[in-house]
Structure formats: structure tokens, C-alpha cells
Amino acid sequence: MTLINRVSSRLLSTMYKNSGTNLASLSPAEIKDWVGSFDTVLTDCDGVIWVDNNTLPQATDVINKFIENGKQLFFVTNNSTKTRPEFVTKAVKLGFNVGVDNIISTAWLAARYLKAKNFTKKVYVVGSTGITRELDAVGIRHIGIGPDVLQGTLAEAVHAFTPDPEVGAVIVGFDEHFSFVKMMKAASYLNNQEVIFIGTNTDERFPMPDCVIPGTGSIVNAVTTCAERPPTVMGKPNKHICDILQQEYKVDPERTLMIGDRCNTDILLGKNCGFKTLLVETGIHKAEDIEKWAQSEDEETRRLVPDVYAGKLGDLLPYL
């Protein structure tokens, strides 16, 4: 990249940084300059490019155009229930031209984290097969997956529990079978300070029209409270993701864009890593949230304000 391009990129970063600028308020030339100021694109999945098994309008075209134009692209998801190959299968079926190297998932990050530590013991998993299959892929043994409910009295459950002396780590992710017994076992292993404690992410909940589904953060926080010690969190907004991207993919934070629909995970990750940030209003947070946070006197709250926001990812298509 030339010196002129570097200066231009820094000016664009300063111009929009934390400003909550509406993409629709910019001229076509300004949008094209802004698009040219990043080489790497990180994007959340659900609420940005798809909802469940349906793509959002023109999101597939935008992602494929980014790749066609030579931008390095990653799907960055806090979802720990799928492996990277499983994410690729879904993405390809929906028309995205991506492969395994385009996926950064919390289950993969957790397995990679332990592998990098030359971990040779077992992992007690509060989570799903997304985590255990990623552990299998790097040769790490595990226990704990599946239903584990209280049988009989609490005293009987305590008496029946014999800790596995080979457990050297606890991973907590999304677990639809989470129970009192699982929390007891996880916290019991974590009572040994030598046991590594990993949380995949801290998303609080998934609001539905008539129901609130507890998110992974609710489970992680329950174990954290009982264990009386904090986990190392793999997912957004933890800076651990940025470290991996810089080490393995040589990503330049100043030339990287983070796209998301949730400001306290996606946009905050961008802020923590020094990325540019774009919020799309097809998921959790909206323009009215940005306006409220921008007026806050609390510095941490103001950090939730993205650089730029748009109604949907597809709004970028004419400028690519």
C-alpha cells in the first residue's frame, strides 16, 4: 500500500470513527472511498447475512463481491454449536463462495487455544457437538456432552459424582441440556486453579416474539458465579480473535472492517481491535440505539456507537 493510501485510510478512519454516520447520508464517491479504505472484512452471520436458513436481501451478492474484489473475508460467529465445516456447508448451500479458512467460530477458537498450549488432558464440556467435534479434530479428549440431570436427591448426586482426575480444562458454550448437575461438576473441576476455564462467548440471550431464549453468556455467568473465577472468553468482543487474525492471516487492524448487527459484541470487537465498524439494522440494534448511546455521558456506552450504519448489508452493493 502506498504512503498516499495509508494517509487516506487513516483520514477516513478518523472522519467516521465512532460517529454513527448513516451510510445513506454519504455521497457515492464518499462511500466508494470508504469501501476502498479496508482490505479485510469480518462479518457476523445471523442478523447480518442470514436469519436462520434464509439469506438477507442482496447479502450473498455483497459477500461474494467482496471476495471477487480481492478483499480477505471472514465470517466471525459466536455460535459454538457448529464446526467450521458445518458452517461452510450451510454458507455454500445459501450461495456464499467461502471455504473453511473463511470461518472463525468460537468452538474452533477454543480447540485451537488448548492445542496451542500443548494440552494433553481431558476437557469437561458444557456445550454441544460443535465444541466436541472441533476438539476431536485436534486430538483432544473430552467428557460431559449430552443430558445430565439430577437423579434422586442432591445428596445422592453429590455422592455419585467422582471427578475425573484427567480433566484439565472446562469449556462452557451453548448447552440446551444445561443443568444443576452440570454446573456442580464444572465448578468442582474449576475449584482446582490449575484447570483451564474457557467460555465460548457471553451473548446474554436470544429474544423471540413471545419468548426469551437464554444465551451462552447466561450459562457462562452461572458457572462463573459458582466457580468464583472468570473464564478466558474466546468470542466477540474479546480481543483474542484479533490476535489470531494477526498471527495467522496477517490482518492489518487499520485496514479491517467489522460488520455486525449487535453493538455490544460485533461493534465492540471492532473497537477493541482497532477495526472500522459497520452496523446493519437487520438484527438486534437500530439507529435509535445509536442515537441514545451517542448522547450518553458514560464513555463505555459511547464505545457502542459504530463508525457507520446502514439499513442492510445489501445497501453496499452499488458501490462494490
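Criteria and cut-off values
Residues numbered from 1 in each chain as written. Predicted model: local features only at pLDDT ≥ 70, side-chain atom pairs only at ≥ 80, totals over all residues. Heavy atoms only, no water. Buried < 20%, exposed > 50% of the residue type's maximum accessible area, 1.4 Å probe, protein only. Helix = DSSP H or I, 4+ residues; strand = E, 2+ residues; numbered from the N terminus. Pairing = 2+ DSSP bridges.

Under an unreviewed UniProt entry, the name given to the chain is 4-nitrophenylphosphatase, and the organism recorded is Culex pipiens pipiens.

As for the pairing of strand S5 (residues 72–77)
Here S5 lies mainly inside the structure; five of its six residues are buried. Here strand S2 (residues 40–43) pairs with S5 via four bridges, running parallel. Counted as the bridge partner of Thr40 is Gln72 from S5. In terms of strand pairing, S5 meets strand S6 (residues 103–105) through three bridges, oriented parallel. Pairing of Phe75 across the sheet is with Ile103, part of S6.

Re the sheet that holds strand S7 (residues 122–126)
Taken together, five strands build an open sheet; the order of strands is S8-S7-S9-S10-S13 and the sheet is parallel. Each edge of the open sheet is held by one strand with a lone partner, namely strand S8 (141–143) and strand S13 (232–233). One ladder, built from five bridges, connects S7 with strand S9 (residues 167–172); its direction is parallel. Along S9, the bridge assignment pairs Val123 with Ala169.

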